Amino acid sequence: MSKRSAPPSNGITVDRVTKKFGDFVALDSISLQIGQGQIFGLLGPNGAGKTTLLNILCGLSRPTEGSISIFGMTFKDNHNDIRRLLGYIPQETALYEHLTAEENLMFHARFYGVPASERKTRVNQALKLAQLESRRKSKVKEFSGGMKRRLAIVRALIHDPWLLMLDEPSLGVDVQSRVEIWDRIKEIRAKKTIIVTTNYMEEAEYLCDRVAILDQGRLIALGSPDELKK
């Protein structure tokens with residue numbers, strides 16, 4: 001959605017990351033390599049550590065042990081630079097429901113410093129991608145769960161991040177809306193590195209190039225959906 005150059009090819013490295021909350025071990029020495037341009041899935045039940053790992057990758061939480069590198073940078077040395085390259089959609093949609101779809105996108109564009117000359121074009125592109133062009137003037141409180149989720153995804157793209165992270169993107173939506181959300185994610189896969197957490201095996205299979213299965217904070221299996229099924 002902008003003219004920014006392509007990200008470097010070294011992707012994301014998670015090196016022996018452990019996260020403890022007191023005596024509770026939420027993540028236990030997790031190591032992963034996520035290639036640039038991949039859709040990478042974190043699959044596991046509630047409490048497996050998926051959101052904890054995503055929070056660390058977003059810089060919202062620090063690992064107790066281990067380290068991460070995002071496109072060759074670390075939060076310790078390049079915190080602000082990394083944050084500008086991230087788009088994050090949490091489980092809670094967190095839209096401004098009293099604003100219209102267009103106003104939500106425009107606010108986000110201004111917040112992230114999108115040049116004024118590009119904002120209208122990017123907002124129009126986002127509404128088209130979300131299939132919400134006809135509802136641009138509607139307040140978000142009038143939207144269905146699936147419409148809100150699609151709007152949240154394109155809002156996270158408005159500043160053209162290199163890395164998009166989605167925490168259970170189809171949580172709480174109906175089957176038809178779920179497939180629409182999956183298709184929107186696939187539409188942007190060529191230009192982004194995408195990390196998706198999910199409880200749904202079919203979601204991981206439909207979307208992801210590679211999948212890490214987590215359980216009780218440990219990495220149980222890692223591979224392509226076909227490899228894991230075999």
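Structural data are supplied above this passage.
Let me sum up the structure you'll find in this document. (Residues numbered from 1 in each chain as written. Predicted model: local features only at pLDDT ≥ 70, side-chain atom pairs only at ≥ 80, totals over all residues. Heavy atoms only, no water.)

**Notes on the overall build of the chain**
Check the secondary structure of the chain and you find 8 helices and 9 strands. When its C-alpha atoms are laid out on the principal axes, the chain stretches across 50 × 40 × 35 Å. Each of the 230 residues in the chain was classed as buried or not, and the buried ones make up 48%. Considering only residue pairs separated by 6 or more positions, the chain has 68% of its internal contacts joining residues 24 or more positions apart. (Helix = DSSP H or I, 4+ residues; strand = E, 2+ residues; numbered from the N terminus. Buried < 20%, exposed > 50% of the residue type's maximum accessible area, 1.4 Å probe, protein only. Contact = heavy atoms within 4.5 Å.)

**Some remarks on the packing of aromatic side chains**
With the rule as written, the count across this model stands at 5 aromatic pairs. When the ring of Phe107 is compared with that of Phe111, the centres are 6.4 Å apart and the planes differ by 20 degrees; the resulting orientation is stacked. With Phe107 and Phe111 both in helix α3 (residues 101-111), this residue pair falls 4 residues apart, about one helical turn. Its relative accessible area of 35% is what places Phe107 among the partly exposed residues. Three or more aromatic residues joined by ring pairs make a cluster, and in this case those are Tyr96, Phe107, Phe111 and Tyr112. The lysine or arginine in question, Arg178, covers the ring of Tyr200, its NZ or CZ lying 4.3 Å from the ring centre. In this arrangement the basic side chain of Lys186 is found over the ring face of Tyr206, its NZ or CZ atom lying 4.4 Å from the centre. (Phe/Tyr/Trp six-rings, centres within 6.5 Å; stacked < 30°, edge-to-face > 60°. Lys NZ or Arg CZ within 6 Å of the ring centre and 35° of its normal.)

**A closer look at the sheet that holds strand β6 (residues 163-167)**
Across the sheet, 6 strands lie side by side as β5-β6-β7-β3-β8-β9; this open sheet has mixed pairing. Here the strands that pair on one side only, and so sit at the sheet edges, are β5 (86-89) and β9 (218-223). Pairs of neighbouring strands in the sheet enclose a mean axial angle of 15 degrees, with direction left out of account. Summarising the sheet, strand β3 (residues 39-43) and strand β7 (residues 193-198) pair through 5 bridges and their orientation is parallel. Bridge pairing in β7 places Gly41 opposite Val196. (Pairing = 2+ DSSP bridges. Axes fitted to C-alpha atoms, helices over the stretch in contact; angles between N-to-C directions.)

**Some thoughts on a nonpolar patch on the surface**
Taken together, the side chains of Tyr96, Phe107, Phe111 and Tyr112 define a hydrophobic patch exposed on the protein surface, amounting to about 430 Å² of accessible area. Judged by relative accessible area, which is 62%, Phe111 ranks as exposed. (Patch = residues over 30% accessible without salt bridge, like charges linked within 9 Å, V, L, I, M, F, W, Y side chains within 5 Å. Areas by Shrake-Rupley, 256 points an atom, 1.4 Å probe, with all protein chains shown as cover. Salt bridge = Lys/Arg side-chain N within 4 Å of Asp/Glu carboxyl O.)

**So, the pattern of salt bridges**
In the structure shown here, the tally under the stated rule is 14 salt bridges. Asp81 is the partner of Arg84 in a salt bridge, and the nearest nitrogen-oxygen pair spans 2.7 Å. One end of the pair, Arg84, and the other, Asp81, are both in helix α2 (residues 75-84), 3 residues apart, so they sit about a helical turn from each other. Accessibility expressed as a relative area gives 47% for Arg84, which makes it partly exposed. Across the pair Arg150 and Glu180 runs a salt bridge whose closest N-O atoms are separated by 2.9 Å. Of the two residues, Arg150 is situated in helix α5 (residues 145-155) and Glu180 in helix α6 (residues 175-187); the sequence distance between them amounts to 30 residues. Each of Glu102, Arg136 and Lys137 takes part in one network of salt bridges that share partners.

**Digging into the packing of α3 against helix α4 (residues 116-129)**
Any two packed helices are characterised by how steeply their axes cross, that is the angle between the axes, and by the distance between the axes. Contact geometry of α3 with α4 gives a least axis separation of 10 Å together with a crossing angle of 130 degrees. When the axis of α3 is compared with that of α4, the two are oblique. Helix-helix and strand crossings are classified by hand; for α3 and α4 the assignment is right-handed. Residues Ala101, Glu102, Leu105, Met106, Ala109 and Arg110 of α3 form the contact with α4, whose own contacting residues are Arg119, Lys120, Val123, Ala126 and Leu127. In terms of residue class, the contact of α3 with α4 is built from 7 nonpolar, no polar and 4 charged. (Parallel < 35°, antiparallel > 145°, perpendicular 65-115°, else oblique. Left-handed = near helix turned anticlockwise from the far one by under 90°. Nonpolar A, V, L, I, M, F, W, Y, C, P; charged D, E, K, R; others polar.)

**Let's talk about the nonpolar core**
Leu151, Leu164, Leu166, Ile185 and Ile194 are the most contacted members of the largest nonpolar core, which totals 37 residues. Elements represented by at least two residues in this core include exactly β3, α3, α4, α5, β6, α6, β7 and α7 (201-207). Looking at this core element by element, the count peaks at 5 residues for α5. Excluding residues that lie within four positions of it along the chain, Ile194 makes contacts with Gln38, Ile39, Phe40, Leu164, Leu166, Ile185, Ile188 and Arg189. (Core = buried A, V, L, I, M, F, W, Y, C linked by side-chain atoms within 4.5 Å.)

**Thoughts on the sheet that holds strand β4 (residues 65-70)**
With respect to topology, 3 strands assemble into an open sheet ordered β2-β1-β4, the strand pairing being antiparallel. Edge strands, defined here as strands with exactly one partner in the open sheet, are β2 (24-34) and β4. Each adjacent strand pair in this sheet contributes to an overall mean axis angle of 20 degrees, direction not counted. Across the sheet, helix α1 (residues 50-58) lies against β1 (12-21), β2 and β4, angled at about 120 degrees from β1, the strand it touches most.

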